[in-house]
Amino acid sequence: MGDKEMLRTEHLSLVREGRHILKDISLSVAAGSVHSVLGSNAAGKSSLAAALMGCHDYAPTSGSIFFLNTDITNLSISQRAKMGLTLAWQEPARFEGLTVGDYVTVGNGADRIMRAREALAKVLLTPEEYLLRPVDKTLSGGERKRIELAGVFAMKPRLAILDEPDSGIDILALDNIVQLIRELKERGTTVLLITHREEVAEIADRSSLICSGCIVKEGNPPEVGRYFREKCVPCVTKTCETGERHQNEESVP
Amino acid sequence: MTQDYERMLAAYAQAGGTPEVLKDSTVSHLVVHGNKVIGSHLADGLILEAEERESGILVRLVVKKGVRIARPVHLCFGVLPEEGEQEILMQVELQDGSGLELLAHCVFPNAVKVRHRMTAEIEVGNGASYSYKEVHFHGEKGGVVVIPRARIRIGNEARFLTDFALLHGRAGRLDIEYDAEVRDGSSLQMTAKVYGFGADWIRIREAARLLGKGSRGLIKSRIAVRGEASSQVFSDLTASAPGARGHVDCVEIVQGRADAKAFPTVGVTHELAKVTHEAAVGRVDQKQVETLMARGLEEERAIDLVIGGMLK
């Protein structure tokens, strides 16, 4: 891992419909690394991903986002993507009339078919079987997730935000996805891996723990994973503000 | 006449047709300009008669019992001048066990004041299979009125499919009315895809009655309107026999100041019948657009791709 910084947020906050979704998040993702963001359901993980990508309704209320030291806080999704940032959605959209081949290579110019074939093979989908299928409701959730990841692979981004790539897929596919993440890294793509599973988070080089919109702990993945398992999982309120005030801790004399 | 024929072929190609196919002796075809037949060819097993009348043209198409026409029959209807009228009365009879696939291209590339009316009576016999695909090409002036009407009767264990597409050029004023009856074990699928802009006015009324045991019906529409265009889609599907199943599926996308309305009506008159519907009217799905933007497409291109896919 190099020391260069790929992504940085400074005091990033997001309020939606009167609720504080993200609170003062300052995060640094090193270039060439896999950085996991671990957290329970509704901790703010997907909102963080959407804010970083620049999605509608996720514009930060305050704070800044820097990508390769350029302030991208006010850039559109397309502009961010053209700089090399992309997002694989937790629940990918479906498209009537668009084929898997078209979708996987959308935005790519040369060698589209070859890139689509290679990317589909990486996620263990037979290109001959999938290239001409529509990206619609005829695909299972697991197939759609893999196609989403294939699209990221084909794009060759500088930074891939993978929002829960492990959700909704079987255990065999999970091994494949872990392998794909490693391959992305080897190929030079920095990965921001969002997950609620500590064993997945632990494949990263560095990990951040998010709870109720705050980064409550950062460090090496096993350490963060242990903290998550021992403190966050048993926690009832899930309303941690600083990482120091878990309900189960407070109840201990 | 030859000049008209060549110009029709050119317009036919613009509409997505393949002119070479009209020169293939194994393919049946009929080319009608205004209310005149300017080209035709019949392959074995098909009876296709066209009679020019003062009020329009009568086309009678019969496929004899048990005959399945191997290759699609091509129809090309059009009006090339800026002004004109076309009135087509079609009588289609598929006798029991027969099969026919029709590909129709309707071309009005220069229309400023053109009216095209097609009234079809379609009988699909027991065990027969009928497919009708109609593609329109209208040019950019919007001065065309298109009035397709069809009454369809489908026998037992038969298949019926119609697919209407108006995606190139201005829709103008489009007023579709199809009405179908479906008997035992038969299936029907009616699809309409239209892209309207400018001051286009689109009304689609498709109705089907699933009268037979185990009959199936799908009414599907995909409409996109922008500018000042408006669309109204009436989909009416009823089932009244045991095991009859139907579904109405309507999506209308609106951009700018256009307006769209969907009126799905579903009903059953038998406790073992079921009809469902889904209708979505509104802007392009934001998540779809953002997903494509995250791959580097500009917003406008992403919207075009979503709409283009839906209308494909």
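Preceding this section is the structure that the text describes.
This write-up is about the structure you can find in this document.

## Concerning the overall build of chain B
Right, on to step 1. From N to C terminus, chain B includes 3 helices and 19 strands.
Right, on to step 2. By the compact-globule yardstick of 20 Å for 312 residues, chain B fits well, its C-alpha radius of gyration being 20 Å.
Right, on to step 3. Oriented by its inertia axes, the alpha-carbon framework of chain B measures out at about 55 × 55 × 35 Å.
Right, on to step 4. Across the 312 residues of chain B, 48% fall into the buried class.
Right, on to step 5. Counted over contacts in chain B with a minimum sequence separation of 6, partners at least 24 positions apart contribute 77%.

## So, the interface of chain B and chain A
Right, on to step 1. Chain B puts 19 residues into the contact, and the matching count from chain A is 20 residues.
Right, on to step 2. The set of elements that each furnish at least two residues to the side of chain B that touches chain A consists of α2 (286-293) and α3 (299-311) of chain B.
Right, on to step 3. Ranked by the residues each element gives to the side of chain B that touches chain A, the list is headed by α2(B), at 7 residues.
Right, on to step 4. Looking at the side of chain B that touches chain A residue by residue, the class counts come to 7 nonpolar, 5 polar and 7 charged.

## Focus on the nonpolar core
Right, on to step 1. Counting residues in hydrophobic clusters, the biggest one holds 168 residues, and the most contacted among them are A:Met53, A:Val104, A:Ala150, A:Ile161, A:Leu192 and A:Ile210.
Right, on to step 2. Considering each element in turn, this core owes the most residues, 7 residues, to helix α6 (residues 141-155) of chain A.

## Focus on the sheet that holds strand β1 (residues 5-16) of chain A
Residue and element names in this part refer to chain A.
Right, on to step 1. If you trace the 4 strands from one edge of the open sheet to the other, you get β2-β1-β4-β5, paired in antiparallel fashion. Lying at the two open borders of the sheet, with one neighbouring strand each, are β2 (19-30) and β5 (70-71).
Right, on to step 2. In this structure, β1 lies alongside strand β4 (residues 62-67), joined through 5 bridges in antiparallel fashion. The residue of β4 that forms the bridge with Arg8 is Phe66.
Right, on to step 3. Each of β1, β2 and β4 is contacted by helix α1 (residues 45-53), which is oriented at about 65° to β2, the strand it contacts most.

## Some thoughts on the packing of α2(B) against α3(B)
All names here are of chain B.
Right, on to step 1. Their axes nearest at 9 Å, the elements α2 and α3 cross at an angle of 120°. Judged on the interaxial angle alone, α3 and α2 are oblique. Between α2 and α3 lies a crossing of right-handed hand. Residues Gln288, Val289, Leu292 and Met293 of α2 form the contact with α3, whose own contacting residues are Glu299, Ala302, Ile303, Leu305 and Val306.
Right, on to step 2. The class makeup of the residues in the contact of α2 with α3 is 7 nonpolar, 1 polar and 1 charged.

Rules used throughout
Residues numbered from 1 in each chain as written. Chains lettered and ligands numbered in written order. Predicted model: local features only at pLDDT ≥ 70, side-chain atom pairs only at ≥ 80, totals over all residues. Helix = DSSP H or I, 4+ residues; strand = E, 2+ residues; numbered from the N terminus. Rg over C-alpha atoms; globule rule 2.2 N^0.38 Å. Buried ≥ 20, exposed ≤ 12 C-beta atoms within 10 Å, placed from the backbone. Contact = placed C-beta atoms within 7 Å. Nonpolar A, V, L, I, M, F, W, Y, C, P; charged D, E, K, R; others polar. Core = buried A, V, L, I, M, F, W, Y, C linked by C-beta atoms within 7 Å. Pairing = 2+ DSSP bridges. Axes fitted to C-alpha atoms, helices over the stretch in contact; angles between N-to-C directions. Parallel < 35°, antiparallel > 145°, perpendicular 65-115°, else oblique. Left-handed = near helix turned anticlockwise from the far one by under 90°.

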